[in-house]
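# Structural overview
What follows is each chain in one-letter form.
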Amino acid sequence: MRHRKKGKKIGRTSSHRKRTLQALSNALIENKQITTTVTKAKALRPFVEPLITRAKEDTQHNRREVFRHLQSNDAIDELFGDVAERVGDRPGGYTRIIKLGQRSGDGAELALIELVDYNDVPPTDTGQGGSGGTRRGGGKGRRTSSEEEPAQQAQGGDSPSDDVSVEDPESAEEEASTDADQNEAGPDETEKDDR
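All of these numbers come straight from a predicted model, not from anything done at the bench.

## What about the nonpolar core?
Soluble globular proteins tend to pack their nonpolar side chains together in the buried interior. Of all hydrophobic cores here, the largest spans 29 residues; its most connected members are Leu-28, Leu-44, Ile-52, Val-66, Leu-70 and Leu-79. Of all the secondary-structure elements, those providing two or more residues to this core are helix H1 (14-31), helix H2 (38-55), helix H3 (60-70), helix H4 (73-86) and strand S3 (109-115). Of all the elements, H2 adds the most residues to this core, at nine residues. Once you skip the residues sitting within four places of it in the chain, Leu-79 turns out to touch Ile-29, Leu-51, Ile-52, Ala-55, Val-66, Leu-70 and Ala-84.

In structure tokens form, the structure reads like this:
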């Protein structure tokens, strides 16, 4: 039984897991968003958010405590500088996980984990509910041309037959003359031309 055992093992030993989360945290702080598997993203969130909370108060003790986990001076400078400035008033929840679907190679579930304050455009759909379409890509809202005509007439719009009557009279005469020329030639003359 694993009662009260917090956190994910992510298929690694303790030391390997510690270094993996350290590397992911450094990448997240420097790049503001990273793409990884869903399991690693869920394991990274409780690792990195307390570090961001400590960075809000810039003291020597907090810097040493965060350095103990990150082991990178560049990440510490970025975290206590720009990141702490952006998240100053936020009381927690500094990261967001967005599921991206499956990886083409091994089918692993991918996710984007990002710092919330660095994304200007919030996601429109976070995976709640279905896509609303079909697997064939047709979608529900497609109409055929025969369905569009009654819909236009019901709305009081011009029907396609009205558009034909508005057609240019000169082009109609040209079409009529070419049809007449073809009819006058007859089938006998066209066979002679082919020989």
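## A closer look at H1
Compared with the 26 Å implied by 1.5 Å per residue over 18 residues, the 26 Å span of H1 between its first and last C-alpha is a close match. For H1, the set of buried residues is Thr-20, Leu-21, Gln-22, Leu-24, Ser-25, Asn-26, Leu-28 and Ile-29. Residues of H1 that are buried in the fold lie against strand S1 (33-37), H2, H3, H4, strand S2 (95-102) and S3.

## As for the side chain of Thr-36
Here Thr-36 shows up in strand S1. Discounting residues that sit within four places of it in the chain, Thr-36 has contacts with Leu-24, Ala-41, Glu-109, Leu-110, Ala-111 and Ile-113.

## Details of the sheet that holds S3
Read from one edge of the open sheet, three strands run S1-S3-S2, paired in antiparallel fashion. The open sheet has two edge strands, S1 and S2, and neither has a second partner. Within the sheet, the average angular offset between the axes of one strand and its neighbour, ignoring direction, is 25 degrees. Here S1 pairs with S3 via five bridges, running antiparallel. Across the sheet, the residue bridging to Ile-34 is Ile-113, located in S3.

## Comments concerning the packing of H1 against H4
For the pair H1 and H4, interaxial distance at closest approach is 9 Å and the crossing angle is 50 degrees. When the axis of H1 is compared with that of H4, the two are oblique. Considering how the two elements wind past one another, H1 and H4 form a crossing that is left-handed. Residue-level inspection shows Asn-26, Ile-29 and Glu-30 of H1 in contact with H4, the latter providing Asp-74, Ala-75, Glu-78 and Leu-79. Tallied by class, the residues present in the contact of H1 with H4 amount to three nonpolar, one polar and three charged.

## Re the packing of aromatic side chains
Taken as a whole, this structure holds zero aromatic pairs when the rule is applied. If you follow Lys-32 out to its NZ or CZ, it ends over the ring of Tyr-118, 5.1 Å from the centre.

## Overview of the environment of Phe-47
Turning to its location among the elements, Phe-47 is positioned in helix H2. We classify Phe-47 as buried; its relative accessible area is 18%. Taking C-alpha positions, Phe-47 is 9.6 Å from Lys-18, a pair spaced 29 residues apart along the chain. With residues up to four places along the chain from it excluded, the contact list for Phe-47 reads Leu-21, Gln-22, Ser-25 and His-69.

## Regarding unusual backbone geometry
Unusually for a residue other than glycine, Lys-32 sits at a positive phi of about 70 degrees. With respect to the helices, strands and loops of the structure, Lys-32 is situated in the loop between H1 and S1. For Lys-32, a relative accessible area of 13% corresponds to the buried category. A positive phi angle is found at Gln-71, which is not glycine, with a value near 55 degrees. Mapping Gln-71 onto the fold places it in the loop between H3 and H4. Its relative accessible area of 41% is what places Gln-71 among the partly exposed residues.

Each value, and the rule that gives it
- Residues numbered from 1 in each chain as written.
- Predicted model: local features only at pLDDT ≥ 70, side-chain atom pairs only at ≥ 80, totals over all residues.
- Heavy atoms only, no water.
- Core = buried A, V, L, I, M, F, W, Y, C linked by side-chain atoms within 4.5 Å.
- Buried < 20%, exposed > 50% of the residue type's maximum accessible area, 1.4 Å probe, protein only.
- Helix = DSSP H or I, 4+ residues; strand = E, 2+ residues; numbered from the N terminus.
- Contact = heavy atoms within 4.5 Å.
- Expected span 1.5 Å × (residues − 1).
- Pairing = 2+ DSSP bridges.
- Axes fitted to C-alpha atoms, helices over the stretch in contact; angles between N-to-C directions.
- Parallel < 35°, antiparallel > 145°, perpendicular 65-115°, else oblique.
- Left-handed = near helix turned anticlockwise from the far one by under 90°.
- Nonpolar A, V, L, I, M, F, W, Y, C, P; charged D, E, K, R; others polar.
- Phe/Tyr/Trp six-rings, centres within 6.5 Å; stacked < 30°, edge-to-face > 60°.
- Lys NZ or Arg CZ within 6 Å of the ring centre and 35° of its normal.

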